[in-house]
Amino acid sequence: MPNDHVRPGVSRRSLIAGALGLTAATAGGGLLSACSGKSSATGAAAGAGEAAPSVTLGPKLATVQYPDGYVGPVARALKPITTEKTTYKIVVKQDVTIGDWKTNAFTKWLESKTNIHIEWSQIGGTDDDVMTKVNAMIAAGDIPDAFLGIAFTRSQLFLYGAQGLFTDINQYIDGYALNLQQAMKDYPDTRKLIQAPDKKIYSFPGINDCYHCRASDGRAWLNTEWIKQVGLAMPQTTDEFHEVLRAFKKADLAGNGKTIPFAGYKDSAIDPFFMNPFLYNPGEPWLVVRDGKVDVAFDKDEWREGLKFVNSLYKDGLINRDVFTADEDQLKRYGNASGKPLIGGARTNYWGSFLDIDQKDPDARWRQYEACPPLKGPNGVQYAAWDYTGVGVEVAHLVITKKCAKPEQLVQWADAQYELEAILRGYGGPAFAWAKKGELGINGKQALYGFDATWNSQKNINWSQDNPMYRSQDFRLGERVNPKDMTFEKPLYEQTRDKYFPHKQPQEMQFPPVTLDQDQAAQEAELRTNLKGEVNQSFAKFLTGQLDPNDDGAWNDYKGRVEKIGVKPYLELQQAAYETYNG
Amino acid sequence: MSAAGGTLPPDERRLGAGAAIQDTKSDKIALACIYTALGLFCLAVLYPIVYVLSASVSNTKRVSAGEVWLWPVGFTLDAYRAILDYKSIVSGFGNSVFYAVAGAVVATILTLLAAYPLSRKGLPGKGIIMAAFVFTMMFSGGLIPTYLVVHDLGLLNTRWAMILPTALAVWNVIITRTYFMVTIPEELVEAGKVDGCSDFGFFWRVVLPLSKPIIAVNLLFYAVGSWNSFFNALIYLTNEHLFPLQVILRQILLQTKVDPSQMADTSKLAQMQELQQQLKYSLIVIGMIPPLLVYPFVQKHFVKGAMVGSLKG
Amino acid sequence: MPSAAHKRTRVAKSRVGLGLRIRRNWQLYAMLALPLIWLAIFAYWPMYGVIIAFKDYNVVSGIWGSPWAGMKYFERFVESYQFWRLIKNTVYLHVYELVATFPLPIILALCLNTVRKKWFSRTTQLITYAPHFISTVVVVGLLVVLTSPNTGVTNKLIGLFGFGPTDVMGDSGMFRHLYVWSGAWQTMGFAAIIYLAALTSVPPELHEAAIVDGASRLRRMWHIDLPAIVPVAVILLILDIGRILSVGFEKVLLMQNSLNLDVAEVIDTYVYKIGLASSVPQFSYATAIGLFRSVIGLVLLVLANTFARRFAKSSLW
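Nothing here was measured: the structure is a model prediction, and the numbers come from that model.

S.K.: Sorry, what's going on with the interface of chain C and chain B here?
M.R.: Interface size, as often reported, equals the accessible area lost upon joining of the parts. Listed by partner, the interface residues are 75 residues for chain C and 85 residues for chain B. Of the residues forming the side of chain C that touches chain B, the biggest block, eleven residues, is contributed by helix 2 (residues 26–44) of chain C. For the side of chain C that touches chain B, the residue count by class is 50 nonpolar, 19 polar and six charged.

S.K.: Honestly, the interface of chain B and chain A in this entry has me stumped. Any pointers?
M.R.: Counting from both sides, the interface comprises 42 residues of chain B and, opposite them, 40 residues of chain A. At the level of elements, helix 3 (60–64), helix 5 (87–119), helix 7 (143–152), helix 12 (231–236), helix 13 (245–254) and helix 14 (266–299) of chain B are the ones that each hand at least two residues to the side of chain B that touches chain A. The class makeup of the residues in the side of chain B that touches chain A is 21 nonpolar, twelve polar and nine charged.

S.K.: Help me out: how do you make sense of the sheet that holds strand 3 (residues 146–148) of chain A in this one?
M.R.: In a beta sheet, neighbouring strands pair by backbone hydrogen bonds and run either parallel or antiparallel. All names here are of chain A. Pairing within the open sheet is mixed, and its six strands lie in the order 2-1-3-10-4-13. Lying at the two open borders of the sheet, with one neighbouring strand each, are strand 2 (116–123) and strand 13 (470–471). In terms of strand pairing, strand 1 (residues 86–93) meets strand 3 through two bridges, oriented parallel. Paired with Val91 across the strands is Phe147, a residue of strand 3.

S.K.: What should I look at first to understand the domain arrangement of chain A in this one?
M.R.: All names here are of chain A. In terms of domain boundaries, chain A breaks down into domain 1 (86–210 + 392–484) and domain 2 (215–387 + 512–581). Using only C-alpha atoms to locate each centre, domain 1 and domain 2 end up separated by 33 Å. Taken together, the contact between domain 1 and domain 2 spans seven residues of the former and six residues of the latter. Examining the composition of the side of domain 1 that touches domain 2, we find that four residues originate from one element, helix 5 (residues 154–162), more than from any other. Per-class residue counts for the side of domain 1 that touches domain 2 are five nonpolar, one polar and one charged.

S.K.: Explain the domain arrangement of chain B to me, please; I cannot follow it from the model alone.
M.R.: Residues and elements named next belong to chain B. Domain boundaries assigned for chain B yield domain 1 (28–76) and domain 2 (88–312). A C-alpha centroid distance of 29 Å is found between domain 1 and domain 2. With four residues, helix 2 (residues 25–56) is the largest single contributor of residues to the side of domain 1 that touches domain 2. Tallied by class, residues from the side of domain 1 that touches domain 2 come to three nonpolar, three polar and no charged.

S.K.: Honestly, the UniProt feature "transmembrane region" (unreviewed entry) in chain B in this entry has me stumped. Any pointers?
M.R.: Residue and element names in this part refer to chain B. Those residues carrying the UniProt feature "transmembrane region" (unreviewed entry) are residues 29–53, 96–116, 128–150, 162–182, 202–224 and 281–298 in this numbering. Taken end to end, residues 96–116 is 100% helix and 0% strand, and its two terminal C-alpha atoms sit 29 Å from one another. Spanning residues 202–224, this segment combines 96% helix with 0% strand, and its end C-alpha atoms are found 30 Å apart.

S.K.: Explain the sheet that holds strand 9 (residues 369–372) of chain A to me, please; I cannot follow it from the model alone.
M.R.: Residues and elements named next belong to chain A. Here we have three strands laid out as an open sheet, ordered 8-5-9, and antiparallel in their pairing. Every interior strand has two partners, whereas the edge strands, strand 8 (345–346) and strand 9, have only one. Summarising the sheet, strand 5 (residues 220–223) and strand 9 pair through four bridges and their orientation is antiparallel. Considered in strand 9, the bridge of Ala220 is made with Cys372.

Definitions and cut-offs
- Each chain carries its own residue numbering, running from 1 in the direction its sequence is written.
- A letter from A marks each chain and a number from 1 marks each ligand, given out in the order of writing.
- Only residues with pLDDT of 70 or above have their local features reported here, since the model is predicted, and side-chain atom pairs are shown and tallied only from 80 upward, although totals for entire chains, interfaces and linings are computed over all residues.
- The contact criterion used is a C-beta to C-beta distance within 7 Å, with each C-beta placed from the backbone.
- Under the scheme used here, helices are H or I runs from DSSP no shorter than 4 residues and strands are E runs no shorter than 2 residues, and both carry numbers assigned from the N terminus.
- Put simply, Ala, Val, Leu, Ile, Met, Phe, Trp, Tyr, Cys and Pro go in the nonpolar bin, Asp, Glu, Lys and Arg in the charged bin, and everything else, Gly too, in the polar bin.
- By definition, two strands form a pair when at least two bridges between them are found by DSSP.
- Domain start and end points were adopted from an automatic or database domain assignment.
- UniProt positions are given in the numbering used here, feature names are shortened, and annotations may be inferred rather than shown by experiment.

Take a look at the structure:
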């Protein structure tokens, strides 16, 4: 959901609101203005949910500088939700980057503002472990008032929601979640992305319009110093790319024959980068939509052309031999090698996956690497697999259960976390500062806020992005750029904008995140596991030449295998889910 | 039990006998081979240990540049200092020690109580009881039903949940029983009966003193098992102050192994990576120290002829 | 009918005998009480949960409330595209592991036992025991470092002999070797402990007598030490055979990559991918596969035990 579409309407409103400053509540729009006077007068009026069915937002903070045309969360004074301190029980994951939920700085701040006290239950381990424990808790009827930051899938939310375990928050949004309501207006696709097939909403979303994340699966990097040294330019086509890598190898810029012209590693698929010059390929599970019909990319003739291309690169020794086996640590050893880097380029989401990012050093090695644009294939195909729907709106950041006695209070508590100051404290910490007039943000416009450079080395200060938040694009790009501490955010944004955004595929080609029912999920899991295994393995074998992509027999065998695993039932299943999604 | 032999302690006695007769040439060759093979194997095993140790005291940047091969590069204790910043790691260490010790004691008692009767010939129903034990090695109710039982017993989120559900390992019962069958011959039992020993008395006064090696092994295996385990903590505990070290270790080592494209945000990914780089090796070293310290105490009991000596004493 | 009368008296007699024997051994039963109570509560009580395999289980409806599914999940597994491959891979890997790594701790223990220098034996024990505590993630990470085709030591070594660099981790022919031998290297010392304990039951007089008779060191190892270990070894072997369809799940998962998946996908990793990593956890499917595995394991265990009882005179029950 590129928010270019929504900008005009809202921006005007925000602009007016920003100009009005303290006078506040009118900014929320016509719907809210009726109640505004009353609530700001009493201050703590919201508490009595029964008496007043709906609440109002607090006054806007005056000190905040919003850039022109700003769309995003707004800083307001938070109001206590209840007059008497009320306790709710919430299950979270234990996380060393958060510290202790009980004594965490943001926990304390939020409690002091909302008067809601939380009794935390902390689950340890990895995300998989956490889900195992949560399922056991549900099975035992050991249910808290809410789950925070537990990664339920859309299918799980629907399954448990439809069985009455999770509360449908749709009924409360209009009355009690005004910040979220605003966010859903700013990002009109939100409702479609968070609602279950029964049109109910079982979780608070995390809205995080991470611009560069939308291109991360297909992004690759090349060393510009090396390109200069071999006297070439940043490649634009598959042929030029091949030529540049060949030149890297020939010049042996790492020395001692150690040069790895281009590297990948096992945890980050390389096919999205290499296939998009031949056909649109979003990566696993390789689903695309053509004229409303769901299809897969991996059995098309264009896919085979892509295989020939990567095979030719590998045959020339231009891709690291351990592209499917190296782990991230190993890749970093290549990138961080003392003296000179060993790798000329890499297919990773960002620099940090193949070398250490030193933000303070303006000449740090990572700054030599620049995004390689999506390549143009021999037939003129050139896509940047752009993720319109998978990134930006995540479900399940907060789920309220049937155990919760007063859901409207937790709804307000959740909604408070979509407020600007709460967001800054929630994911950064208390060391934020409002930007002064004239300070610039990542996007070059007036900055909104900045962080003390050391914020992410402190402990126990934030909730490390586990909670629901509303981080619009303008918000993310409104972070003040500190010349002494140049984070990777700015170059990552700019290179994505300049190189990938222009080549994005039309949105209707992307297969959106769908919701499956329990039986579909069972079949889907099995088919996906088998297809994924076969496609990845064959891709690897074609690339390394264990299978020859030029051999019709090998290609037809491969097509036969995926057919046998069940491409057809897989597509039928996804087609049904896709149609449900489109309502 | 015919306890022949001199009055020397068994070990010296054996050494004395060995030294009295010259090694033959083939013996010498065999010994040399054994020393060499063991030495080489030790080196092979030492390498990763030295690597982990070195990496834990090296500059993290240089570790990630692949400069550490054997010895530390850029010596620093920062990684250990950093551990102290994380309260959950420090308390986790203490909890792990407690669970290991308490768990090992409870489990070893249960194991000995089960293994001894089952080692006795002609105990009626022995076969069925053994089969009932072995059956549970193959079939279990699975995660959720077991959780429900622990829940119904009210053990959730208590230290008991870390000790009771896995208090007995059938594997250990079987091994201990086999040990008893070999070392406690039926004649000894009969002799005890003649002397008027009850089963309790015989177990307490004869069997236990004869079984120091297997008791030591049981304590060690249970303690190590508990030290290395994380699953019970994940499933049964929701209070951070009760978590053992392995839960935190697991999170730090494995959480960044997930698909980076599924990570909510690059900055969070970067933060996790940094944490992992910093703490990975020092945490592993910390996790290795207690079991290594304990081992010599267990080893003390692996002495030949310990049985005969204690029987005479 | 004299025979029937006979039978009756014999039955009566043995019943009296049995009753008496039970009474005489009451203290032994009393000792067994606590372990049996534990077994009943923590092992047998949850066992009703296997019916999850025959239901369309979901956690909200609960075990009793979920609808019956019959044999659906068993059929789905047996008919699945990967079924035979999974069985083959799992059995191969486990049998290889068993054959290769089962004798090693025995040999190690025998050697350690023979060594006369105490400090050497103790140090070796301590060192070989230590890798047990290095987490699997790090062990696999070290494998990657050592075998890297660009910077790894192994490739430098084979480079000396004129062989080009290869990516060992990505060679599906190498997967089993890597898995098994790195496992041996990690667990051998720890596994030897049990044999070291068993060796303490050897009376020193036996060795003394053999020395007097002029038996060589190796002969004594073979004829005196080894027989002391055999009962434990046979039992461990039987138990291992019963686990034929399970292998170390976490390590296999970490060692998997696109190139070796055809040999590296085993039942446990498959269950994990379908059961847990699915968009709705598939408890019923996972339980069904687990049950399938248990039944096969039990059959093999019983067979192995019968075999051992006949030929090695030792038995689990």
